[in-house]
Amino acid sequence: MSDTKMPLDLDPADLLPPAEPVQLLDDEGTLHEVDGYPLDLKDSDFRDLYRYMVLARRVDKQAINLQRQGQLGVYASLLGQEAAQIGGAYALDQQDWVFPSYREMGAALVRGVDPGKVLHLFRGTWLSDHDPHEHHFGLLSIPIGTQALHAAGFAMAAKLDGSDLVVMSYFGDGATSEGDPHEAMNFAAVYEAACVFFVQNNQYAISVPLSKQTKAPTIAHKAVGYGMPGYRCDGNDVLATYAVSRKAVDRARAGGGPSLIEAVTYRMEAHTTADDPTRYRTPAELEQWKRRDPIARFETFLESEGLLDDAFRAEIDEEAQAYAKRMREEIYDAPHGDPMELFEHVYADPPASYAEQRALLQRELDEHGTS
Amino acid sequence: MSDTKMPLDLDPADLLPPAEPVQLLDDEGTLHEVDGYPLDLKDSDFRDLYRYMVLARRVDKQAINLQRQGQLGVYASLLGQEAAQIGGAYALDQQDWVFPSYREMGAALVRGVDPGKVLHLFRGTWLSDHDPHEHHFGLLSIPIGTQALHAAGFAMAAKLDGSDLVVMSYFGDGATSEGDPHEAMNFAAVYEAACVFFVQNNQYAISVPLSKQTKAPTIAHKAVGYGMPGYRCDGNDVLATYAVSRKAVDRARAGGGPSLIEAVTYRMEAHTTADDPTRYRTPAELEQWKRRDPIARFETFLESEGLLDDAFRAEIDEEAQAYAKRMREEIYDAPHGDPMELFEHVYADPPASYAEQRALLQRELDEHGTS
Amino acid sequence: MAITMAQALNTALHDAMAEDDKVVMFGEDVGILGGVFRITDKLQERFGEGRCFDTPLAESGIVGTAIGMAMYGYKPVVEMQFDGFTYPAFEQIVSHLAKMRNRSRGTVQLPVVVRIPFGGGIGAVEHHSESPENYFAHVAGLKVVSPGTPSDGYSLLRESISSADPVLFFEPKRRYWLKEDADLPVRTEPFGRAVVRRAGTTATLFAYGPMVRTCMETASAAEDEGWDLEVVDLRTLNPFDSATVVESVKKTGRAIVVHEAQVFSGFGAEVAAQVAERAFYHLEAPVLRVGGFDIPYPAAKLEEFFLPDVDRILDAVQRSLSF
Amino acid sequence: MAITMAQALNTALHDAMAEDDKVVMFGEDVGILGGVFRITDKLQERFGEGRCFDTPLAESGIVGTAIGMAMYGYKPVVEMQFDGFTYPAFEQIVSHLAKMRNRSRGTVQLPVVVRIPFGGGIGAVEHHSESPENYFAHVAGLKVVSPGTPSDGYSLLRESISSADPVLFFEPKRRYWLKEDADLPVRTEPFGRAVVRRAGTTATLFAYGPMVRTCMETASAAEDEGWDLEVVDLRTLNPFDSATVVESVKKTGRAIVVHEAQVFSGFGAEVAAQVAERAFYHLEAPVLRVGGFDIPYPAAKLEEFFLPDVDRILDAVQRSLSF
Ligand SMILES: Cc1ncc(C[n+]2csc(CCOP(=O)(O)OP(=O)(O)O)c2C)c(N)n1
Ligand SMILES: Cc1ncc(C[n+]2csc(CCOP(=O)(O)OP(=O)(O)O)c2C)c(N)n1
Ligand SMILES: [Mg+2]
Ligand SMILES: [Mg+2]
């Protein structure tokens, strides 16, 4: 009865993620080689990674400011998670796709999505404002973990179509408790779809710490149950998040199937601008993680490699200011747009009943300017 | 940052189920001791286990016959899974609870539930016909995997109440793909609830074989993702299913938290009487498993131990006939009961609108005898 | 040729997949088994495992991956094995399938069909006889369809599959074996058109899916009473054909809406509300609703007391007439 | 004393937990954070982590374990963080929470309360402004409740917690800060009673939850037009108080049902259908429904164009009167 045996010819321990997360840059910014995670990066890549991280932080800050100025309803900051997000997305090719949650401004940048456009969701101009097909970047997904299934399905489709594109789905530590990511990982594994599940373990789901979310040794261990590799990396080390993602992405592209990445990081800001984290975490904890800042660490490394001079810093700074400016221009007092558009996109083929409803709204607009 | 380390002081390999399922009786019925699974059974227990298996098979057969005679609408047979089900339930105390799926006639027997009553569900007399509180046996649950959450919640409640009862939830290999069992195992683990998740891996979910259900090395490996032990046993060896369950139950009762058991077995019958398995599996496969029959194997063992004499056989046979007879009496041409009862149990406090609806049904009954 | 609803649906799937290789079919047991009702029979054999495949047992997974496949460019048709097992997919259907097009300002289309064998009358165990259509009729962004005849089964399924909008396709499982003389392929009226199945003058019966047949039987039986009933098959709940509905009531002056689902806040309420609003001056009696009682679907032996049947509908006609 | 809806609900939870140690409260972020709206503020501090606790992020898990805890003998009150996140729990609610009592012939009771902050008007992002009440009003076995005032918030929540039947408790989140002079504890009318909040003669506005306040404002505004509107607060959708509803329409002859949810197959359809049936001869105009358009809930900057407001309701009154 072969079914009563282990179908794998593996040393069982090979299934398990390593005890320590993969780290290439230590907390002091010194590079250490790690077996199995060669770095294939050129100087320009190092610089790009840095650039994206700095831009992401500036863009994030601008978004928070816009929210404080009443220009956005709410915003979910990625502060502290720059290395995790950007290292992941940087490992993708242009043809590849990203299915993000609501916190993926950094990944959006890497995909070339205009941050100003992303903010329309948070401003409430419309429910989103970018074309996913243009940058292969799905709509920000708010219902927790649901996008993991879209990613798995997209990867299943690509495989059926003979494409070798890879899909990366981001979600949080909290999301691992939902049914959908579970089903997504199982589907991806069963169909050997080229889908990389990238978990930013930022230690919290709003106020709920990881210890109350799961008793798994680590989130990477959850991969075992789907028969896929579970990788674990220091999420504040952009070289580690990149190298691990590269490995997972290459493997998927080569037909090796899906895998799960846990990037161990920390949400330095409130859950969203509507949240008050002082209710559930201590300044001491924050302080500890501040010392592990992903950008500072990478700067030390770049400096020691001679890759970070004043000219480059100035260049990035200028780019960052320009981004921020464009965001302000895009969002500041952005008008609410034409209410009649509300009926435009619900159906390709709208029901006859819309005529009456459109007429009602039009009458309201004519009479009162609002509903 | 202790959060970036493994929180467990375990040898990683200890997390994994053994490569081979635990087996105490080999296919030829010879007993082998297995480290960590001592048998605490008296002769009377051996006899009881046998008795339950034989009764379960007889009861199952009677149910199939009743279906063939048009007395039941449908029935889900446990043929071949007697050892799995009964070994599990036998490890429980009276105070403990079982949350079954629709295939748990064997477990029902062990809990003392009258099989005739269980059949009312399949006949369609009512949606169920036993009081869960009487035998600590939940209602048969049809939506796949949903009962695992009820089990987890019940165990959470018991813990909160200071009780040391243990809850066992049965579900199938297919059910492991649903979100609910995933969420249930996670909840149970997080709250360290005394809940044992017992998977009867009978190789199929209707027509879908295990290989299309999951790529996990084994179902027991799924426990790793919840930080709980995953046990795996030969599901056709009642001593193995018992010993493994005993271990899981004792551990849970002692406050050690939940665990997952995979009993590797085989569904010898159609999925239900409505199914045609010749469409998706071969006689050869069936033949192979027939040779591993759980009752035959246990008989060999009992005989070799001198525990099975003709008198005992006759006694069981008589009991089995009596059970079957009672089932026939209970079910055969059982009337449909009072339609007016339809309004009785929906609410403890029914809405005023029921008065009108009751009146309509009463009028229909008076006029036509039917609606 | 006499064909059954089941044959019509199966043929529709075959034809759609033959015509457009972007159409894929998946769900639980739809492959080698051909589905528990055999509606997907021989699709896998003919089109291969890539285009018709069994999934793991997870309905949210089925609908969620269908959304991803549709984003890539496929046209997934998925099966929920039974009505009562649609519920795990509720979030994916309501929060994504229905809303993605609008959310994306039209840049993402989701041409997904969710096939759902629904309704009672087959003596099944619990959760296998539900009528969940109104949960979905209330969701903007979905089309909700339910054929009452084999030709409509074929035609509406084909139209659903070519629709750029997501469709919840409710198959009246007790009518899978209902026969009709028809030659496939057949094209009937498009989405959004209700059809007068039987013209009459005394009162109008409105129905869809399984109850169309029951209403036709009622109309026949009513002849004995000297009543000439009109039967309107709604066909698509969303888009809803108010015009035809109102026109019929203007003619007959009396309306009875029939469905299997419990009456309270069922789809009959929408029909009744629209009729009462739009045919206000033409109604000679209140719109009556005939359906299941406001209780969970009962066990098999009691379903006949729950389900609307000819007698219950005639009783409503009588009440309408005596107003 | 002036209390807000939020205070009333929080106090109701405190009082219920103090009175009966079988009452437990759980959900996402309800512990130390006190819930994102602080409705569970200080429950954990006061009653300990055993009786008020944070769960993993899984709504099906929350409702499913609540069912298990109720079977054991507890009275769980659980929170869905927002309306739009109730959907993952749909199967547990519809297939088990609603049906277990009936399935078990009354041997299993599930005194579970599912608290759901619902509705729009607070400028939130998508999925945070939904009105899912009618998905549940259609489910036999559930009670569906939505308070429109702080005192009803307190009283109906207390009654929900002591109810032996499962209750879906819809909290109008835009009214969390609505004030009323009231002394807690207060007991108002029980489940199943609609209340005339303002007596009038011209027409009746029917509402529940967030729209009660809007209808009261409309009635005030209508005075300028010389209209004397009656406002009926439905309070519990199921059980539904037909008697009070019909009585009001018999008096005013005109009915307008108001809710935030999209109108098509919304709860307004049930109200309209009942009124049109039961007050047939008293209606001087068709029952009109005022609600959201049949589109997904829009982005924050456009919600004012979606939501019913005083003007849209007055417009309906005008239409009713000009019939
Ligand atoms: C299905 C669902 N339930 C609840 C919420 C409310 N909510 C928004 S974010 C969040 C926490 C998410 O935590 P995690 O997955 O760790 O991601 P993070 O926010 O930390 O990036 C919750 C509960 C939601 N958006 N969707
Ligand atoms: C949520 C849900 N989806 C689908 C079904 C239909 N169905 C009934 S049994 C079954 C297969 C279950 O397989 P498994 O979990 O392995 O249990 P087994 O029947 O083999 O004991 C399916 C798909 C169901 N009952 N519930
Ligand atoms: Mg997190
Ligand atoms: Mg199975």
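So, here is what we can say about the structure in this document. (Residues numbered from 1 in each chain as written. Chains lettered and ligands numbered in written order. Predicted model: local features only at pLDDT ≥ 70, side-chain atom pairs only at ≥ 80, totals over all residues. Heavy atoms only, no water.)

**What about the environment of Lys325 of chain B?**
Residues and elements named next belong to chain B.
Step number 1: Within the secondary structure layout, Lys325 lies in helix α12 (residues 310–331).
Step number 2: The class for Lys325 is partly exposed, based on a relative accessible area of 46%.
Step number 3: Along the primary structure Lys325 and Gln62 are separated by 263 residues, whereas in three dimensions their C-alpha atoms are 8.8 Å apart. (Helix = DSSP H or I, 4+ residues; strand = E, 2+ residues; numbered from the N terminus. Buried < 20%, exposed > 50% of the residue type's maximum accessible area, 1.4 Å probe, protein only.)

**Topic: the site of ligand 2**
Step number 1: If you check the shell around ligand 2, you find 21 residues, and the closest are Tyr102, Arg103, Asp173 and Gly174 of chain B together with Glu59 of chain C.
Step number 2: The backbone of Ile144 of chain B places a nitrogen or oxygen atom 3.0 Å from a nitrogen atom of ligand 2.
Step number 3: The contact in question runs from an oxygen atom of ligand 2 to an N or O atom on the backbone of Ala175 of chain B, over 2.9 Å.
Step number 4: Surface burial for ligand 2 is 96%, taken as the share of its 580 Å² of free accessible area covered by protein chains.
Step number 5: By residue class, the composition of the shell around ligand 2 is ten nonpolar, five polar and six charged. (Near = heavy atom within 4 Å. Polar contact = N/O pair within 3.5 Å; in protein donor to acceptor, adjacent residues only side chain to side chain. Areas by Shrake-Rupley, 256 points an atom, 1.4 Å probe, with all protein chains shown as cover. Nonpolar A, V, L, I, M, F, W, Y, C, P; charged D, E, K, R; others polar.)

**Considering the environment of Ala316 of chain D**
All names here are of chain D.
Step number 1: Checked against the element boundaries, Ala316 lands in helix α12 (residues 310–321).
Step number 2: With 27 residues separating them along the chain, Ala316 and Arg289 place their C-alpha atoms 8.0 Å apart.
Step number 3: Apart from the residues within four sequence positions on either side, Ala316 is in contact with Ile256, Leu288 and Val290. (Contact = heavy atoms within 4.5 Å.)

**As for empty space enclosed by the protein**
Step number 1: Tallied over the full model, the rule gives 13 cavities of 30 Å³ or more.
Step number 2: If you add up the space inside the largest cavity, you get close to 180 Å³.
Step number 3: Surrounding the largest cavity, 15 residues form its lining, Glu183 of chain A, Asp180 of chain B, Pro88 of chain C together with Ser60 and Pro88 of chain D being those nearest its centre.
Step number 4: If you list the elements that add at least two residues to the lining of the largest cavity, you get α7 (179–190) of chain A together with α7 (179–190) of chain B.
Step number 5: Classifying every residue of the lining of the largest cavity by side-chain character gives three nonpolar, four polar and eight charged. (1 Å grid on protein atoms, 1.4 Å probe; cavity = no way out; pocket = protein on both sides within 12 Å on 5 of 7 lines; lining within 4 Å. Points joined across faces, edges and corners; volume = space filled by probe spheres on them.)

**Quick word on the pairing of strand β13 (residues 255–262) of chain C**
Residue and element names in this part refer to chain C.
Step number 1: Where burial is concerned, most of β13 is hidden: eight out of the eight residues are buried.
Step number 2: The pairing of strand β10 (residues 203–207) with β13 spans three bridges and is classified as parallel. Looking at β13, one finds that Leu205 is bridged to Ile256.
Step number 3: Note: β13 against strand β14 (residues 288–292), four bridges, orientation parallel. (Pairing = 2+ DSSP bridges.)

**A look at the state of the cysteines**
Each disulfide consists of one covalent bond between the sulfur atoms belonging to two cysteines.
Residue and element names in this part refer to chain A.
Step number 1: Under the definition given, this model contains zero disulfides over all chains.
Step number 2: With no disulfide partner, Cys233 has as its closest neighbouring cysteine sulfur the one in Cys195, 17 Å distant.
Step number 3: When its relative accessible area of 0% is taken as the criterion, Cys233 is described as buried. (Disulfide = S-S within 2.5 Å.)

**Some details on the coordination of the magnesium ion (ligand 3)**
All names here are of chain A.
Step number 1: Protein coordination at the magnesium ion (ligand 3): the donors are Asp173 (OD), Asn202 (OD1) and Tyr204 (O), at 2.0 to 2.1 Å from the metal.
Step number 2: Counting along the primary sequence, the residues that act as donors to the magnesium ion (ligand 3) give the motif D-x28-N-x1-Y. With Asp173 in the loop between β2 (167–172) and α7 and Asn202 in the loop between β3 (195–201) and β4 (204–205), this pair connects stretches of sequence that are 29 residues apart.
Step number 3: Residue class for Asp173 comes out buried when judged on its relative accessible area of 1%. (Donors = N, O, S within 2.8 Å, 3.2 Å for Na, K, Ca; no water.)

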